Amino acid sequence: VSIDTVANPRSITIDFGSTNCMCLDERNRRGKIIATYTGRYRETGTVINISFINYYVNDNKISGTKKVTNQGNNQAGNLVYKVEVNGQIVKANNGGTVTWTSTRYREWKAGAGTPLNILDDVYGITGDASGTNADGSSHTILATKELVRKMNCRWFESGTLELTQTGLPKVTLDYGSTGCDANATITVLGVSYPVVLQ
């Protein structure tokens, strides 16, 4: 990891090397992840850009950009971050190409006053995404109800996503409102099915 605090914008480079490196999550990585930032994360107007140089995960090539902009406090007094992603994955062994574009807003609803304790942080996420699958089909995803994520929980606590795919019926994923659990509901063609998230 290399950190440059002299350049403007400042930068952090994570270099996995030119050959595969087995990481703690048991995925092989190689190449570089580069993040540049114009200020502190909590400062209004700070822009963070993340990009990649010859970056692979299990021989799948990851490219594109992610931009996070601190938009300051909203009317509720909470910090809001705009997150813009334009990504692509070229799958190994000629497995096809996956694309992903997304614009979402992340509201820091609780825990901002205790920066050394992330476990009391709560975020609300809204926005949409679209992309193409490896077989060439397309999809869109819309957060029809704000997703709420408490950082002391593995899953979203509540919120609803709507998935539309080429040639397939619309799918709704509802995380429910029962707190920190893996239970959710999928609805297709008016029929609801309980699911347990992994």
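All values derive from a computational prediction rather than experimental measurement.

**Considerations on the overall build of the chain**
Part 1 of the argument: Within the chain, the secondary structure is distributed over zero helices and 14 strands.
Part 2 of the argument: Dimensions along the principal axes, computed over C-alpha positions, put the chain at roughly 55 × 50 × 25 Å.
Part 3 of the argument: Among the 198 residues that make up the chain, the fraction classed as buried is 30%.
Part 4 of the argument: Taking all contacts inside the chain whose residues are at least 6 apart in sequence as the whole, residues at least 24 apart take part in 32%.
Part 5 of the argument: Accessible surface, the chain: about 11,900 Å² in total, of which carbon and sulfur atoms supply 53%.
Part 6 of the argument: Taking the average place of the 20 positive charges on the side chains of the chain and the average place of its 17 negative ones, the gap between the two points comes to 4 Å.

**Some thoughts on the state of the cysteines**
Part 1 of the argument: If you walk through the whole model with that rule in mind, you get one disulfide.
Part 2 of the argument: For the unlinked cysteine Cys21, the closest cysteine sulfur is that of Cys23, found at 4.6 Å.

Conventions used here
Residues numbered from 1 in each chain as written. Predicted model: local features only at pLDDT ≥ 70, side-chain atom pairs only at ≥ 80, totals over all residues. Heavy atoms only, no water. Helix = DSSP H or I, 4+ residues; strand = E, 2+ residues; numbered from the N terminus. Buried < 20%, exposed > 50% of the residue type's maximum accessible area, 1.4 Å probe, protein only. Contact = heavy atoms within 4.5 Å. Areas by Shrake-Rupley, 256 points an atom, 1.4 Å probe, with all protein chains shown as cover. Lys, Arg positive; Asp, Glu negative; His and termini not counted. Charge placed at Lys NZ, Arg CZ, Asp CG, Glu CD. Disulfide = S-S within 2.5 Å.

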